[in-house]
Structure formats: structure tokens, C-alpha cells
Amino acid sequence: MGDVTVRVNGTPHSLDVDSRMSLLDLLRERLGLTGTKKGCDHGQCGACTVLIDGRRAVSCLALAVAQDGADVTTVEGLAADGALHPLQAAFIERDAFQCGYCTPGQLCSAAGMLGEAGPSVVTEDLTADPPLSAAEIRERMSGNLCRCGAYVNIVAAIGDVAAAGGAADMATAVTGTAR
Amino acid sequence: MKPFEYTRARDAGDAVARFRAGAMYLGGGTNLVDLMRLGVAEPDHLVDVSRVGGDRIEPGGDGLLIGAGVRNSDLAAHPVVRERYPMLARAVLAGASGQVRNMATIGGNLLQRTRCPYFQDVSKPCNKRQPGSGCPAVAGDHRNLAILGHSAGLEAAAQCVATHPSDMAVALAALDAQVHVTGPDGSRVVPMPGLHRLPGDEPDRDTVLRPGDLITAVELPPPPPGRSTYRKVRERASFAFALVSLAAVLDVGRDGTVRGCRLALGGVAHTPWRAARAERALTGAPATAEEFTRAAGAELAEAQPLPRNGYKVTLARNLIVATLQELLP
Ligand SMILES: Cc1cc2nc3c(=O)[nH]c(=O)nc-3n(C[C@H](O)[C@H](O)[C@H](O)COP(=O)(O)OP(=O)(O)OC[C@H]3O[C@@H](n4cnc5c(N)ncnc54)[C@H](O)[C@@H]3O)c2cc1C
Ligand code: SF4
Ligand code: FES
Ligand code: FES
């Protein structure tokens with residue numbers, strides 16, 4: 001057992017947790033935040049993606065005890081003041097899901113991704129910060145699988161938000177909701 | 001998962017002091033937590049070192065000193081790495097996913113364990129997981145396992161044909177990186193690719209490290225002259241381990257001969273495989289496709305493919321030739 005204090009979607013929680021518990025299970029079983037999904041429990045599908053201190057991470061491989069002091073944003077924390085996050089609006093607009101099981105992970109992953117600096121492995125010139133082409137989005141989102149195969153519309157939805165907001169604005173938007 | 005105690009170390013000294021038999025260090029947990037859930041790793045104590053050695057990337061000599069706790073994504077996004085060590089940036093970016101790279105540390109990446117399917121399945125024998133129990137991979141599913149330096153030729157209780165899965169380690173092997181280690185017996189520096197070891201008759205030992213040894217940093221010497229890159233062949237376009245990968249540096253003189261080159265293969269052996277024979281064959285030779293093919297052949301003459309992974313010999317040869325051609329000025 002161990003004590004852990006985490007802020008989740010702006011609310012602080014102090015909990016006594018079994019050291020074996022993942023952050024994913026803490027969110028779902030202890031805090032009742034079931035938006036974050038369990039797909040594989042091995043880091044391979046991205047369904048459990050949340051933002052930890054503003055950075056996307058797979059919560060199934062994050063031990064809850066190791067997150068003491070962390071600021072976590074889940075899909076429940078993306079919308080602010082009753083308004084959908086731009087990514088959520090774009091996913092609806094573009095019909096970017098079918099069953100919806102992968103969607104919370106896709107949304108959190110995209111929110112984190114839009115704030116990430118630097119190249120990806122498909123970037124030609126590593127010293128430049130490339131515009132988010134469809135190829136860049138596909139590579140950067142490859143940690144999120146969709147069994148329904150909604151990829152084409154997911155890429156389009158994220159592309160809309162990237163084009164409208166720009167990466168820097170998105171980073172502020174995400175950290176803003178996390179505080 | 002077996003119950004365990006968790007503590008967070010303040011610094012490297014504190015981490016080593018907290019280490020005892022049955023303990024393991026915890027980095028980002030992306031490999032260790034997975035293996036604990038599978039029952040493959042059963043530590044009774046985790047010493048969290050993810051914030052030890054911190055997130056420093058500093059100039060060191062004419063090179064770079066990278067703290068063991070630096071996250072994989074921060075290494076790849078660092079301006080000096082992108083500019084001077086593009087091969088390393090590309091290797092890191094070719095591994096895992098954005099989420100995993102945000103969590104994974106440099107120390108943990110180097111010490112991640114093989115993806116051999118039998119190693120990960122506790123219902124199966126495996127000499128690496130349970131010394132002496134046998135190696136079902138030799139006669140079984142070894143499609144993605146080793147073609148070089150393996151121990152399939154030894155007695156059943158010693159065999160192992162596993163590969164090391166890290167992309168980053170392949171680039172570090174080509175760059176002659178130095179791994180800084182501190183442990184119960186003091187501090188030392190281990191040069192890459194010497195951190196990892198071939199299975200020999202002790203396949204349970206992946207590296208030359210001893211119990212309690214903590215990786216504190218990785219030091220990069222100045223980048224070798226020439227053009228460089230990292231290429232990875234895998235079963236899907238992204239988010240898959242390498243079948244074969246290659247870190248390559250090629251320096252061609254004005255007269256068209258090779259002044260220097262570095263070649264390291266991934267996905268072919270128990271260690272990142274520095275292709276020293278090919279490097280020697282190529283140095284001083286004309287920088288032509290024929291010579292590249294000859295050099296690749298010199299390296300792969302040593303290969304001992306298993307019944308179902310001979311394709312890797314062809315793949316490695318073609319990858320070396322194609323990548324070197326791409327690096328021609
Ligand atoms: C789905 C998935 C796909 C992946 N795909 C790839 C891929 O394509 N290419 C690739 O290269 N990798 C891939 N990986 C592996 C990933 O790169 C590693 O899991 C990661 O780098 C390990 O780092 P960590 O900090 O999380 O290590 P941990 O899991 O925390 O630790 C790994 C090991 O290192 C030890 N350790 C950690 N830090 C230290 C230290 N400072 N000193 C001494 N010992 C230490 C631990 O005790 C443990 O034995 C993938 C992982 C997943 C989950
Ligand atoms: S190849 Fe090595 S890791 Fe795989 S089953 Fe054989 S002994 Fe175990
Ligand atoms: S549930 Fe975490 S990655 Fe699949
Ligand atoms: S919408 Fe069903 S898995 Fe993605």
C-alpha cells in the first residue's frame with residue numbers, strides 16, 4: 001500500500017492505494033471516472049491514454065503510487081465550462097468514431113500530441129518543426145488503435161483542429177483545463 | 001501481480017543504498033510494469049529512479065551527457081540531438097508510440113527485455129526467464145529472432161535465440177556511446193555496444209551489469225564525420241518492433257572512397273550488432289553499390305539463420321546496401 005496525492009481534472013485526491021494498482025484502475029475503480037478505457041492493459045492500444053502533467057501517457061502502464069504529485073487530465077476534463085473541447089467538436093463534425101471505445105484515448109492522445117514539439121520519424125528535415133500533414137498525424141497517432149477503422153475521419157478531425165488552432169494554442173488549451 | 005513495496009529514490013546514491021536482493025529499479029515502467037503484470041518479473045521492492053539523474057541533457061566534452069531519467073521523447077526533441085545526432089533522434093522516434101516515449105526513460109530503454117513470445121509467457125519453458133528450462137524458440141516461433149551470435153548450437157539448457165528490441169540502443173552502439181553506471185562497488189563507464197552481451201551459456205544475463213548497478217547517464221562523444229541515418233523495417237508502418245534495423249554513418253572523400261563508416265544492426269542478435277567486419281571491408285574502398293554489397297556480405301557470412309528466419313539475412317543485406325546508397329553525397 002502507499003499514499004498518493006493526485007489532481008485529476010483540477011480536483012485534488014489523496015488516496016491509499018495498493019502499490020500494484022495502475023493509474024487506469026485508480027481512475028476507473030477508485031474515482032469512478034470510467035471515460036478512460038481499458039483495451040489491452042499492455043501499452044499496445046492507447047485506449048487508456050490520459051495527460052499526466054500535460055503529456056500524453058498510457059495509464060495502464062503507469063503505477064498509481066508513482067504518480068504522487070501528478071496533475072492528470074482525463075477525457076472527462078477536456079470540455080471546459082460546458083463547451084466541448086475543439087477536438088471533441090471536430091470528432092463529432094467529422095464522424096470520427098463508430099463504437100466509440102477508442103475515442104477517449106484518441107482525444108487525449110490528440111490533445112497531447114498537438115502540444116508536442118519536434119519532429120516525428122516521418123519528418124524529412126529533423127531540425128524543422130513540420131506542419132501537421134495527414135502523414136505526420138498518422139505517424140504521431142499510431143499509438144492509438146481503432147478496431148472500427150475510423151482512422152480516415154480521425155485524421156481529418158485532428159487535421160481540422162491543427163489547422164484552426166495551431167499547436168501552440170492547443171498546448172495552452174490543454175494545460176488550461178488541467179489546472 | 002505479486003505484492004511489492006514501492007519507494008522513490010532521492011538521488012543515485014540513495015537509489016543504490018535502497019537496493020537489496022529481490023529489488024528492481026523502476027524507470028517509466030513501460031516494460032517493467034508490463035512484465036510484472038505477465039508474471040515474468042516478480043520484484044518484491046521497486047526503487048523508483050525515474051526522477052534520479054533528472055532530465056538533464058548537457059554538453060559534455062565535445063559531445064553530450066544525457067541523464068538516465070531523460071524521457072525518450074525529450075531526447076528526440078532536443079535541438080542538439082536533432083542537429084548533431086540525427087541518427088539517434090530518428091532511432092528513438094522509430095520506437096514505440098508517442099505515449100510510451102513520453103514515459104520511457106533512457107536507462108529503462110537500454111535495459112528493456114526481449115520480446116521473444118516464450119519469454120513473455122510464463123506457462124512456457126525459457127532459458128532466459130528460467131535458466132535450464134529449455135528454449136522452445138529454437139524449434140518453434142523464431143521468425144523475429146536472432147540470426148547472429150545466438151546460442152542455438154549449445155545444449156538445450158543453454159540455448160537462446162532472443163533479440164534485443166531497443167531501437168535507441170542500436171544508434172548508441174553506432175555512436176560509441178558510453179554508459180555511466182554506479183553500483184554497490186562504485187562507479188564505472190561501460191562503452192556501447194559492450195553493455196549488452198551475447199547469450200553464450202548464460203542467456204538469463206542480458207547485460208554486463210551486476211545486481212544493484214544503476215545507469216546514471218549516457219555520454220555521447222562528438223558525432224563521427226559523414227552523413228548518418230537510422231532505418232527500420234517492420235511489419236506495419238508504425239508502432240511495431242523492428243524485424244531488422246540499421247544505424248549507419250558514411251563519410252566519403254572527394255576521390256569517392258570511403259573515409260569512414262559506422263554500421264550497427266538491430267533485430268538480429270541478443271545485442272545491438274556493430275557490423276565491424278563490414279566497416280573494415282568498406283573503409284578505403286570505393287563508395288559504390290558493389291562495394292556496399294561486398295561489405296554487407298562480409299558481415300552476414302557469419303549469420304546462422306534458423307529454419308524460419310533466413311529472410312532476415314537478405315533483409316539485412318539489402319538494408320545495408322540501400323541505406324549506404326541513400327547516404328552517398
Ligand atoms: C506497446 C509497446 C511498443 C514498444 N515498441 C518499441 C519499439 O518499437 N522500439 C523500442 O526500442 N522500444 C519499444 N518499446 C519498449 C520501450 O522503449 C521500453 O519499454 C522503454 O524504453 C523502457 O523504459 P522505461 O523507463 O519505461 O523502463 P522500465 O520499464 O521502468 O524499466 C525497464 C528495465 O530497466 C531497469 N531500469 C530502469 N531504469 C534503470 C536505471 N536507471 N538503471 C538501471 N536499471 C534501470 C528496470 O529495472 C527494468 O528492468 C515498446 C513498448 C511498448 C509498451
Ligand atoms: S529465445 Fe531466449 S528468450 Fe526466447 S524462449 Fe529461448 S531462451 Fe527464452
Ligand atoms: S489499455 Fe493501455 S494501451 Fe491498451
Ligand atoms: S470507434 Fe470503435 S474502436 Fe475506434
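Residues numbered from 1 in each chain as written. Chains lettered and ligands numbered in written order. Predicted model: local features only at pLDDT ≥ 70, side-chain atom pairs only at ≥ 80, totals over all residues. Heavy atoms only, no water.

(A) Broad picture of the site of ligand 1. Residues and elements named next belong to chain B. Close contacts around ligand 1 come from 36 residues, with Tyr25, Gly28, Thr30, Leu32 and Thr105 the closest. Gly28 has a polar backbone atom sitting 2.7 Å from an oxygen atom of ligand 1. Within the backbone of Pro165, one N or O atom sits 3.4 Å away from an oxygen atom of ligand 1. Listed by contribution, the elements that provide at least two residues to the shell around ligand 1 are strand S2 (23-26), helix H7 (106-110) and strand S8 (214-220). (Near = heavy atom within 4 Å. Polar contact = N/O pair within 3.5 Å; in protein donor to acceptor, adjacent residues only side chain to side chain. Helix = DSSP H or I, 4+ residues; strand = E, 2+ residues; numbered from the N terminus.)

(B) Quick look at the sheet that holds strand S6 (residues 178-183) of chain B. Residues and elements named next belong to chain B. Spatially, S4-S5-S8-S6-S7 is the arrangement adopted by the five strands of the open sheet, whose pairing is antiparallel. Both edges of this open sheet fall to strand S4 (57-60) and strand S7 (186-191), since each of them pairs with a single strand only. Within this sheet the neighbouring strands show an average axis-to-axis angle of 25°, counted without direction. Here six bridges tie S6 to S7, and the two strands are oriented antiparallel to one another. Each bridged residue has a counterpart across the sheet, and for Val181 the counterpart in S7 is Arg188. (Pairing = 2+ DSSP bridges. Axes fitted to C-alpha atoms, helices over the stretch in contact; angles between N-to-C directions.)

(C) Focus on the domain arrangement of chain A. Residue and element names in this part refer to chain A. Domain boundaries in chain A define domain 1 (2-76) and domain 2 (86-175). When each unit is reduced to the centre of its C-alpha atoms, the spacing between domain 1 and domain 2 is 21 Å. In this assembly, 15 residues from domain 1 lie in contact with 17 residues from domain 2. Together, Leu51, Arg56 and Val75 form the three largest contributors to the area buried by domain 1 at its contact with domain 2, with a combined 44%. Counting every contact that joins domain 1 to domain 2 gives one salt bridge. A salt bridge links Arg56 to Glu116, with the shortest nitrogen-to-oxygen separation between them at 2.8 Å. Counting the contacts that link domain 1 with domain 2 gives seven residue pairs in polar contact (both at pLDDT 80 or more). Here the side of domain 1 that touches domain 2 takes three residues from strand S3 (residues 49-52), the largest share from any one element. (Domains from an automatic or database assignment. Contact = heavy atoms within 4.5 Å. Buried area = accessible area lost by both parts, 1.4 Å probe. Salt bridge = Lys/Arg side-chain N within 4 Å of Asp/Glu carboxyl O.)

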